[in-house]
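Tertiary structure, described
Here's the letter readout for the chains.
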Number of protein chains: 2
Amino acid sequence: HKPVDVAEYLFTRLHQIGIRSVHGLPGDFNLVALDYVPKAGLKWVGSVNELNAAYAADGYARVKGISALVTTFGVGELSAINGVAGAFSEHVPIVHIVGCPSTISQRNGMLLHHTLGTGDFNVYADMNAPISCEVARLNKPSEIADQIDHTLRECWIRSRPVYIMLPTDMVQKKLEGQRLDTPIDLSEPKNEEEREDYVVDVVLKYLHAAKNPIILVDACAVRHRVLEEVHDLVEKTQLPVFVTPMGKSAINETHATYGGVYAGNGSQPEVAARVEAADLVLSIGSLKSDFNTAGFSYRTSQLNTIDFHSTHCVVRYSEYPGVHMKGVLRKIVDRVDVSKLPRTSSPPVVNKVSENLDDSQTITQAWFWPRFGEFLKENDIVVTETGTANFGIWETKFPAGVTGLNQTLWGSIGWSVGATQGAALAAVDMGTDRRTVLLVGDGSFQLACQEVSTIVRHNLHVTIFLIYNEGFTIERWIHGMDAEYNDITRWKYTEIPSAFGASPENVKTYVVKTKDCLEKLLTNEEFNKAKGLQFVELWMPKEDAPRALKITAEISAKTNAKTE
Amino acid sequence: HKPVDVAEYLFTRLHQIGIRSVHGLPGDFNLVALDYVPKAGLKWVGSVNELNAAYAADGYARVKGISALVTTFGVGELSAINGVAGAFSEHVPIVHIVGCPSTISQRNGMLLHHTLGTGDFNVYADMNAPISCEVARLNKPSEIADQIDHTLRECWIRSRPVYIMLPTDMVQKKLEGQRLDTPIDLSEPKNEEEREDYVVDVVLKYLHAAKNPIILVDACAVRHRVLEEVHDLVEKTQLPVFVTPMGKSAINETHATYGGVYAGNGSQPEVAARVEAADLVLSIGSLKSDFNTAGFSYRTSQLNTIDFHSTHCVVRYSEYPGVHMKGVLRKIVDRVDVSKLPRTSSPPVVNKVSENLDDSQTITQAWFWPRFGEFLKENDIVVTETGTANFGIWETKFPAGVTGLNQTLWGSIGWSVGATQGAALAAVDMGTDRRTVLLVGDGSFQLACQEVSTIVRHNLHVTIFLIYNEGFTIERWIHGMDAEYNDITRWKYTEIPSAFGASPENVKTYVVKTKDCLEKLLTNEEFNKAKGLQFVELWMPKEDAPRALKITAEISAKTNAKTE
Ligand SMILES: Cc1ncc(C[n+]2csc(CCOP(=O)(O)OP(=O)(O)O)c2C)c(N)n1
Ligand SMILES: Cc1ncc(C[n+]2csc(CCOP(=O)(O)OP(=O)(O)O)c2C)c(N)n1
Ligand SMILES: [Mg+2]
Ligand SMILES: [Mg+2]
């Protein structure tokens, strides 16, 4: 019998499931709980605001597997809610812990600060419910250990945020600590065997019969942790494999059968041709949102498609609810008869630098992204923001081991700045020495700029390319090319790191206006080492946009304008 | 017959009810609507992020009466939601307009960016419902004009945010423009006459019998627009009048019968003594939250209290639901027999500068706030942030005409920075030339710092005193005096305005570490003119706090810690 306090139990569980740093801000309803963070071996990040903290927790979870966010009742949690909603939308597991008034104050309906003045203490939990896969109100000591264990398991398994409401008077209630000796079961629930075998047989039947099958890997393959199965499948079958924009970096892009990024009309022509000629698409973890498909412009047929999901599988039009892709993929790897598979080829993928070179010194979107690909090294973490960056990166070929992060479905600008901090910190927490490189528009950067301060606070190795193109270029391409609302205030961006506390030893800043200047920087040895914070103001033309963005923007504008 | 587009109708209505500037950010679901902003004679603010935009809209509404906020579906509106919740909590009318996907896309359940991927397009409206006094989904052209007029009226009358969901395909639907010739009726609903007279008689009976009556003015007197009635009442009766922290600046503090700030144990002793000796408290628009009452430490009795509210009145324990204070107060002014009122006196209110002077050069909280009061001029706008500032300001006597803004109930840090921008802009929009002075803690400032950029963009006359005390002092006093989580990163605050685009002509920065230095600054002629942005890093001791904060923090900590 070893009693532990609720907060100690909770934070110890966080540590056990792999979390090492906790994002968030203090508030008087969580202060006592925060005393337990270091006790559980966790680092307190000390975020600058709750929205950034949520973005950072999102980035942390994408690299480390799961993350935690602590906020205070009302003001803190609602500041974070857009970031948590993004994690819900994009299947990222964040444990959101909200310190709230004591159950006594709640019962008495006290008119406390951070309330709406209505006496309703559940209203924020209710607002959080639609963006959380589980809501736990820790109100009864006898239930708390079960609630915590169950909630953390749900977070992991369903790969989405959970919401935990921790009243001040529960923080130091005693729980049975012996439970902590048994780790939370995070194993994927097994599929019903007969059903799973049935699906595998059907898939193999089609696969063995196909003349021209390909594999297409999308976001949910990453988020629902089937990359090992996917890699084994690619390795064993040597089938051509493509990724979607949200699936980018799921596949080693130097692999012989890697064929590029497929996004319908937004694809490179040879990629579109190859994918659309397939007589079987093994579509893994697909998430066919507008921007991920260049405006729903796929030209593949469901009759030629097998969909693998975390909650079900679909073979052509036959649905198999409740069958998780993980078990199915593993058995396909084990049972596929490679002698029955055709030997086909993939389009070669290279960074098309010279093809996109013109004879001006202007840094064009067309030239930059392939050139940037040549700068990247193995195991870099590359974060791109909604805007020209998220579409430009489609033209960047990654070295092996690169992790690419984007938020293409949710698309909340500012996300990337927080996510970069979280991702870089996760790399440190994993004991790895990776460069984290952010590509962010000037507009987006402004929303979340103070996250640079957290990068500085933890002395993270982050390189920021701020795309200086005088405003909201992506929006200009959708509507209002010259509209005032697409303009932003001209900041002196390179002064930002210093203002946020960076000392000259910890930060290097650059302004890059020409191709030559960029060449010099990208080949500079010091710059390549990327120690500390490096901040590059990168000039690109105001009205220039990547090919795929122009296509997608036009379709978006049409969808918006369509009337009956 | 003159058809107008929905967006033109909406923005014209905003102009008619007094809005001149619109806060917010573009997003592809609101771009076309934004084209109508200048057409309706409105200025687009071009905010830096949605939370700041909401804070700024809050500040704007507190000065101008009402404000507008435009965001985009999901990502934008949820970023703003904490700011809007604050306006709900504090009775501030903001018209929140959210550009959302077309009704066609919604019906088809398209997997669009900014969705949760669940096909539910009403989920954000549902999340907004608890913090909005009206939700309008503009989905049917035939209903839209009525919806808009009704929603704007509710916003004004109930003095709380409303939420308007504007699908892209509705923006240019035609409405009957002739409606615009008739302004929206914003008049307060009249009380039922017999009932109102009854309440007035009861009040007058007690008032005429009282030996020692006083008036206490709180937040809702300001927000529900009865200050004219209150001023007339004070003028006619010459009764001692006090304000609560949230009611501060509702009363001309140079008025002969003004007696100071009452907040129970947090009051100056002579104020507490005077208020608690009253045999009748005319309590107008009270909002007795923890921080507004120094931890529920009033020592007045309901048996001696008459409460005037926007939805009801209470005389001792007799309740009069549905009776709005406005009509009642007016009739009291008209019908009170001043010959029956006692002539009593109020404690004199002065800025106690010399009393709080010590012989060190350290700028103490005790000395600063009265000294700051001597710096203020008539008609200044003074914004204080949650933290030491919100409690310190209790010790500041305002000149006549000063508007004090604080967010004592909601207490979301960062609010003040946005609110300052909005308030200063409102002053400009009203054609007045007022100084706007912000007092904000270093911790709070970090959350919303980029709002300085908007202040610069519009060249607003704002003076910022950043209280540099190395972190979250208010939290230290509640719990964790030396805890790491109460520390923040040391920024170079005075570099911030330049980084955010201010040119040397538009900004002056100062670092003030001593009393002498502060004296010099506060008496400097240029500084007093306060043109453009002035930014003062003001050093105060890390562990120093205003008297009232220490009291309130202790009670808060106890309330949090209480267990059963
Ligand atoms: C929180 C939030 N607010 C508004 C938007 C709408 N939005 C999408 S992209 C964008 C502009 C991004 O501009 P920038 O970062 O400069 O990118 P670029 O110029 O490279 O396209 C805006 C305003 C959004 N997606 N998220
Ligand atoms: C959005 C939000 N996050 C967190 C809090 C909790 N909180 C209240 S006051 C405060 C510290 C304020 O510190 P500072 O602005 O430096 O004020 P001071 O040091 O003068 O007390 C914090 C973190 C809050 N009220 N709102
Ligand atoms: Mg840009
Ligand atoms: Mg401080």
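This section reports on the structure supplied with the text. (Residues numbered from 1 in each chain as written. Chains lettered and ligands numbered in written order. Predicted model: local features only at pLDDT ≥ 70, side-chain atom pairs only at ≥ 80, totals over all residues. Heavy atoms only, no water.)

To continue, consider the environment of Ile251 of chain A. Residues and elements named next belong to chain A. Summarising the element assignment, Ile251 is placed in the loop between β10 (241-243) and β11 (258-261). Sequence separation between Ile251 and Val241 is ten residues; the distance between their C-alpha atoms is 7.9 Å. Ile251 has contacts with Val217, Val230, His231, Val234, Val241, Val243 and Tyr258, leaving out every residue within four places of it along the chain. (Helix = DSSP H or I, 4+ residues; strand = E, 2+ residues; numbered from the N terminus. Contact = heavy atoms within 4.5 Å.)

Looking now at the relation of the copies chain B and chain A. When chain B is fitted onto chain A, the two copies agree to an RMSD of 0.0 Å after a turn of 180° and an axial shift of 0.0 Å. Such values leave the two copies arranged in the relation of a two-fold axis. Among all residues of chain B, the one whose C-alpha sits closest to the rotation axis is Met127 of chain B, at a distance of 2.5 Å. The share of interface residues of chain B whose copies in chain A are also at the interface is 100%, consistent with both copies meeting through the same surface. (Least-squares fit on C-alpha atoms with pLDDT ≥ 70 in both.)

Moving on, we get to the side chain of His113 of chain A. With respect to the helices, strands and loops of the structure, His113 of chain A is situated in the loop between α6 (103-107) and α7 (123-128). At 2.6 Å, the side chain of His113 of chain A and the side chain of Asp290 of chain B are in polar contact. With residues up to four places along the chain from it excluded, the contact list for His113 of chain A reads Asp28 and Phe29 of chain A together with Asp290, Phe291, Thr408, Leu409 and Ser556 of chain B. (Polar contact = N/O pair within 3.5 Å; in protein donor to acceptor, adjacent residues only side chain to side chain.)

With that out of the way, let us pick up helix α8 (residues 141-158) of chain B. All names here are of chain B. Here α8 is 18 residues long and its end C-alpha atoms lie 26 Å apart, about the 26 Å a rise of 1.5 Å per residue gives. Turning to α8, its buried residues number three or more, namely Ile144, Ala145, Gln147, Ile148, Asp149, Thr151, Leu152, Glu154, Cys155, Trp156 and Ile157. Check the buried side of α8 and you find it contacts α1 (6-16), β5 (94-100), β6 (134-137), β7 (162-167) and β8 (174-176). Just beyond α8, the residue with positive phi is Ser159, at close to 55°. (Expected span 1.5 Å × (residues − 1). Buried < 20%, exposed > 50% of the residue type's maximum accessible area, 1.4 Å probe, protein only.)

Moving on: the coordination of the magnesium ion (ligand 4). Residue and element names in this part refer to chain B. Bound to the magnesium ion (ligand 4) are the protein donor atoms Asp442 (OD), Asn469 (OD1) and Gly471 (O), situated 2.0 to 2.2 Å from the metal. Read from N- to C-terminus, the donor residues coordinating the magnesium ion (ligand 4) fall into the pattern D-x26-N-x1-G. Placement of Asp442 in helix α17 (residues 442-448) and of Gly471 in the loop between β19 (462-468) and α19 (473-478) is noted, with a sequence separation of 29 residues between them. Gly471 sits in the buried class, given a relative accessible area of 5%. (Donors = N, O, S within 2.8 Å, 3.2 Å for Na, K, Ca; no water.)

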